[in-house]
Amino acid sequence: MKEELDKLFKELGDKIKELADKAEDASGEVKEEMKETIDRLKKERDKVEEKMKDFRAKNEPKIEEAKHHLKTAMDEIGKAFEKMFRKGPGAEEYKDN
């Protein structure tokens, strides 16, 4: 998840830079308007990035705990399937292998 968000924020930064480069080629009033828009975009991107950092910091322990419980549950399900199939039809064939 972190890598995906980092990639998204990088892409957003690249797009803003691309806009800034285009603004340099603009003239007069259009250039000023583009710069104002770019400044607003940068501020919004920074706000969202900060909120995501806070969210990750607050929820990372919960996410890791959930991953642990999910892995444990998957292991238990796997063991139950293995046990069930050993007892079912053809279990003797399974034991001989």
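Look a little higher up for the structure.
Residues numbered from 1 in each chain as written. Predicted model: local features only at pLDDT ≥ 70, side-chain atom pairs only at ≥ 80, totals over all residues. Heavy atoms only, no water.

1. What about the side chain of Arg45?
(1) Moving on: Along the chain, Arg45 turns up in helix α2 (residues 28–87).
(2) Moving on: Among the polar contacts listed, one links the side chain of Arg45 to the side chain of Asp46, at a separation of 3.1 Å. (Helix = DSSP H or I, 4+ residues; strand = E, 2+ residues; numbered from the N terminus. Polar contact = N/O pair within 3.5 Å; in protein donor to acceptor, adjacent residues only side chain to side chain.)

2. What about a negative patch on the surface?
(1) Moving on: A cluster of acidic side chains, namely Glu29, Glu32, Glu33, Glu36 and Asp39, defines a negative patch on the protein surface.
(2) Moving on: Note on placement: Asp39 falls in helix α2. (Patch = residues over 30% accessible without salt bridge, like charges linked within 9 Å, V, L, I, M, F, W, Y side chains within 5 Å. Areas by Shrake-Rupley, 256 points an atom, 1.4 Å probe, with all protein chains shown as cover. Salt bridge = Lys/Arg side-chain N within 4 Å of Asp/Glu carboxyl O. Lys, Arg positive; Asp, Glu negative; His and termini not counted. Charge placed at Lys NZ, Arg CZ, Asp CG, Glu CD.)

3. Considering the pattern of salt bridges
(1) Moving on: A full pass over the atoms with the stated rule returns nine salt bridges.
(2) Moving on: Close ionic contact of Lys31 with Glu24 constitutes a salt bridge, the shortest N to O distance being 3.7 Å.
(3) Moving on: Relative accessible area serves as the criterion here: at 45%, Glu24 is assigned to the partly exposed category.
(4) Moving on: For the salt bridge of Glu76 with Lys79, the shortest nitrogen-to-oxygen distance reads 3.9 Å. Taken together, the positions of Glu76 and Lys79, both in helix α2 and three residues apart, correspond to about one turn of that helix. (Buried < 20%, exposed > 50% of the residue type's maximum accessible area, 1.4 Å probe, protein only.)

4. Quick look at helix α1 (residues 2–25)
(1) Moving on: Over its 24 residues, α1 extends 35 Å from the first C-alpha to the last, a length consistent with the 34 Å expected when each residue adds 1.5 Å.
(2) Moving on: For α1, the complete set of buried residues consists of Leu5, Phe9, Gly13, Ile16 and Ala23. (Expected span 1.5 Å × (residues − 1).)

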